[in-house]
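Residues per chain are reported as follows:
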Amino acid sequence: MKNSIWLGAFLCFIAAVSWGAMFPIANSAFNYIDPFYFALIRYGSVTLILVAILLWKEGKQAFRFEGKGLKLWFYGTMAFTVYNIFIFWGQNLLGDPGVMVASIMESLMPMISIVIVWLLFRNRPHFFTLLCVLVSFIGAMLVITKGDLTGFLGATNNIAPTLLILLAVIGWVIYTMGGSEFSDWSALRYSTISCLLGTITAGVFVGSGTLFGYLTVPSLEDVKAVTPHLIFMILFPGVIALLGWNIGVSILTPLNGLMFINFVPITTLVVSAFQGAQLTAFDILGTILIIISLVSNNIYIRRSQKREIEQLHQTTFRESMSNL
């Protein structure tokens, strides 16, 4: 049991660090290739690898939709078209500052999921959780605007890319929440089939953009130039992070797994610094605020659940004693 917990923690850590490193690495690749084909080649390759692994591990029967094809397509599209393409599209439009903006937005996933559950299911969170959401939002705004909210809003070319990144993150949150509907499937099966269907949608999206002249197929030389970037993106933030995160969360529970999201912006900061990027005090302060809010909310939820369990045990004990 203890070894399983360590394995789950290791997998979640590797996934979070991989996601944190992918934004500065992708930023370097965009000097040679656009984010659309970069994203398509990345997850097209991930899909082929996952399909081979699923076929080997679970056989042909694992590819049956079992009447869930539409849901699989929807969740796959949210993750591997909306998230995979939009987050790099927005990052590229913002230029170098987009690296930290994309990373910070991704680290907000736990808070965004709280808001989505509140809006869709009328499940109002605790006041302390709402306070943490507000603090994390302030932290994100510090990174996004670099402390100059008026200047950011005045530059209209910043708003659309930021919204693209936000839509991308919401897409991944929806995909993650949708995984609960496939609890009787293995993490490998859900990941593979949703990735396959979502990547097909991404292919149609990118192919249509190319057909109508909005996108250009990258040259062989450009693809060769970004091969090291693609190898990393395919193996770590792709296959290993996708499977590792789903397996790790199933071992640790989502509450414990989400703690590792803290490593996403930290890794981005470290990698960006090594690449020589100019980080501002607002980048660091905003990241610290988000980490504090995530950790504080996690601790609060843990204590609340512990109190509820203790109260339930006390109530059960009193009822059993009264029946004697």
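Residues numbered from 1 in each chain as written. Predicted model: local features only at pLDDT ≥ 70, side-chain atom pairs only at ≥ 80, totals over all residues. Heavy atoms only, no water.

- By the naming in an unreviewed UniProt entry, the chain goes by DMT family transporter and is assigned to Chungangia koreensis.
- Per UniProt, the chain carries the Sequence similarities (unreviewed entry) text "Belongs to the EamA transporter family." (UniProt positions renumbered as here; feature names shortened; annotations may be inferred.)

## Some points on the overall build of the chain
Point 1. Secondary structure summary: the chain contains 14 helices and zero strands in total.
Point 2. Going residue by residue from the N terminus, the α and β elements of the chain occur as α-α-α-α-α-α-α-α-α-α-α-α-α-α.
Point 3. Of the contacts formed within the chain by residues at least 6 apart in sequence, a portion of 86% connects residues at least 24 apart.
Point 4. Entry remark: accessible area of the chain is about 16,400 Å², with carbon and sulfur atoms responsible for 69%. (Helix = DSSP H or I, 4+ residues; strand = E, 2+ residues; numbered from the N terminus. Contact = heavy atoms within 4.5 Å. Areas by Shrake-Rupley, 256 points an atom, 1.4 Å probe, with all protein chains shown as cover.)

## A word on unusual backbone geometry
Point 1. One non-glycine residue, Glu66, lies in positive phi territory at about 55 degrees.
Point 2. Its place among the elements puts Glu66 in the loop between α2 (35-58) and α3 (69-94).

## A short note on α2
Point 1. Helix length check: α2 (24 residues) gives 33 Å between terminal C-alpha atoms against 34 Å at 1.5 Å per residue, within 8%.
Point 2. Within α2, the full set of buried residues consists of Pro35, Phe36, Tyr37, Phe38, Ala39, Leu40, Arg42, Tyr43, Val46, Thr47, Leu50 and Leu54.
Point 3. The N-terminus of α2 is capped by Asp34, whose side-chain oxygen sits 2.9 Å from the backbone nitrogen of Phe36.
Point 4. Where α2 terminates, the next one or two residues include Gly59, which has phi positive at roughly 85 degrees. (Expected span 1.5 Å × (residues − 1). Buried < 20%, exposed > 50% of the residue type's maximum accessible area, 1.4 Å probe, protein only. Polar contact = N/O pair within 3.5 Å; in protein donor to acceptor, adjacent residues only side chain to side chain.)

## Describing the pattern of salt bridges
Point 1. Applying the stated criterion across every chain yields a total of three salt bridges.
Point 2. Residue Asp184 pairs with Lys68 through a salt bridge whose shortest N-O separation is 3.7 Å. Placement of Asp184 in the loop between α8 (156-178) and α9 (187-211) and of Lys68 in the loop between α2 and α3 is noted, with a sequence separation of 116 residues between them.
Point 3. Accessibility expressed as a relative area gives 57% for Asp184, which makes it exposed.
Point 4. Between Lys71 and Glu181 there is a salt bridge, with the nearest N and O atoms lying 3.0 Å from each other. In this pair, Lys71 sits in helix α3 while Glu181 sits in the loop between α8 and α9, placing the two residues 110 residues apart along the sequence.
Point 5. Since its relative accessible area comes to 34%, Glu181 is described here as partly exposed. (Salt bridge = Lys/Arg side-chain N within 4 Å of Asp/Glu carboxyl O.)

## Considering the nonpolar core
Point 1. Core analysis: the largest hydrophobic core is formed by 84 residues, its most contacted members being Ile87, Phe88 and Trp172.
Point 2. The element contributing the most residues to this core is α3, with 12 residues. (Core = buried A, V, L, I, M, F, W, Y, C linked by side-chain atoms within 4.5 Å.)

## Remarks on the confidence of the model for the chain
Point 1. Confidence along the chain averages 85 in pLDDT terms, with 90% of residues attaining 70 or more.
Point 2. Least confident of the elements in the chain is helix α7 (residues 149-154), whose mean pLDDT is 62; most confident is α2, at 95. (pLDDT = per-residue confidence, 0-100.)

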